[in-house]
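Report on the structure
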Amino acid sequence: FFFKETATTESYTEQIVGSVRCVQETGTWGFIGSPTGTERRIEGQAWVTDPKTNAKLKVRFVWPFSGDYWIIDLDENYEWAVIGEQSRTFGWILSRNPNPNIELYEKLKSKMQSVGYDVSKIVKTDQKLSLIHI
């Protein structure tokens, strides 16, 4: 089973050509639906699998398992990205703004639908809480 994630952030840092360090930080909701969970941080590696476009990567957070990470659409200023994988089972809308406006959110959902995703299964991450680092 999984906890409901809240206040999720991801960061990516190029390490060497074709290799990226991935860090995901998230809070979790407790069993009773209150934000009493703990912060979780996981680091992984990503590498380009399609050097012609740099849009298809593999990501590994736990060795030896890795998954597809395909860039379906990307804002020219890197303000948002639509990420998916071949089976169309998993997909993500990533945004620098934790609460993008509804027009942008609907546009990105439409993009996912246009490439074969069932957008009725999208679950928005609750970004009301924020991770604070001192």
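Residues numbered from 1 in each chain as written. Predicted model: local features only at pLDDT ≥ 70, side-chain atom pairs only at ≥ 80, totals over all residues. Heavy atoms only, no water.

Digging into the overall build of the protein chain
A count of helical and extended segments in the protein chain gives one helix and seven strands. For the protein chain, the α and β elements follow one another from N to C terminus as β-β-β-β-β-β-β-α. Of all 134 residues assigned to the protein chain, the portion counted as buried reaches 28%. Taking the intrachain contacts of the protein chain between residues at least 6 apart in sequence as the baseline, contacts between residues at least 24 apart amount to 32%. As presented, the protein chain carries roughly 9500 Å² of accessible surface, and 56% of it is formed by carbon and sulfur atoms. (Helix = DSSP H or I, 4+ residues; strand = E, 2+ residues; numbered from the N terminus. Buried < 20%, exposed > 50% of the residue type's maximum accessible area, 1.4 Å probe, protein only. Contact = heavy atoms within 4.5 Å. Areas by Shrake-Rupley, 256 points an atom, 1.4 Å probe, with all protein chains shown as cover.)

As for the pattern of salt bridges
Counting across every chain of the model gives two salt bridges. We note a salt bridge from Asp68 to Lys58, for which the minimum N-O separation is 2.9 Å. Placement of the pair is Asp68 in strand 5 (residues 65–74) and Lys58 in strand 4 (residues 56–62), with a sequence separation of 10 residues. Judged by relative accessible area, Asp68 falls into the partly exposed class, the value being 23%. The class of Lys58 is partly exposed, set by a relative accessible area of 26%. One salt bridge connects Lys109 with Glu106, and the closest N-O pair in it is separated by 3.6 Å. (Salt bridge = Lys/Arg side-chain N within 4 Å of Asp/Glu carboxyl O.)

Considering the confidence of the model for the protein chain
For the protein chain, the average pLDDT comes to 76, and 63% of its residues sit at 70 or higher. Taking the mean pLDDT of every element in the protein chain, the minimum, 61, falls on strand 2 (residues 19–28) and the maximum, 94, on helix 1 (residues 102–114). Segment residues 29–34 is flagged for pLDDT under 50; beyond a separation of four residues in sequence, or across chains, it makes 12 contacts in the model. Low pLDDT, under 50, characterises residues 129–134; the predicted model gives this stretch 12 contacts beyond four residues in sequence or across chains. (pLDDT = per-residue confidence, 0-100.)

With respect to the pairing of strand 5
Where strand 4 lies against strand 5, five bridges are found, and the strand directions are antiparallel. Within strand 5, the position partnered with Lys56 by the bridge is Trp70. If you look at the hairpin formed by strand 4 and strand 5, you'll find two residues sitting between the two strands. With four bridges joining them, strand 5 and strand 6 (residues 80–84) adopt antiparallel strand pairing. By the bridge assignment, Leu74 is partnered in strand 6 with Ala81. (Pairing = 2+ DSSP bridges.)

With respect to the environment of Tyr69
With respect to the helices, strands and loops of the structure, Tyr69 is situated in strand 5. In sequence terms Tyr69 and Lys56 are 13 residues apart; their C-alpha atoms lie 6.0 Å from each other.

A look at the packing of aromatic side chains
Inspection of every chain in the model, using the stated rule, returns one aromatic pair. Residues Tyr69 and Trp92 carry aromatic rings whose centres are separated by 6.3 Å and whose planes lie at 25° to one another, so their mutual orientation is stacked. Remark: Trp92 occurs in strand 7 (residues 92–95) and Tyr69 occurs in strand 5; sequence separation between them is 23 residues. Take Tyr69: its relative accessible area is 15%, and that puts it in the buried class. Positioned over the ring face of Trp70 is Lys56, at 4.1 Å from the centre of the ring. (Phe/Tyr/Trp six-rings, centres within 6.5 Å; stacked < 30°, edge-to-face > 60°. Lys NZ or Arg CZ within 6 Å of the ring centre and 35° of its normal.)

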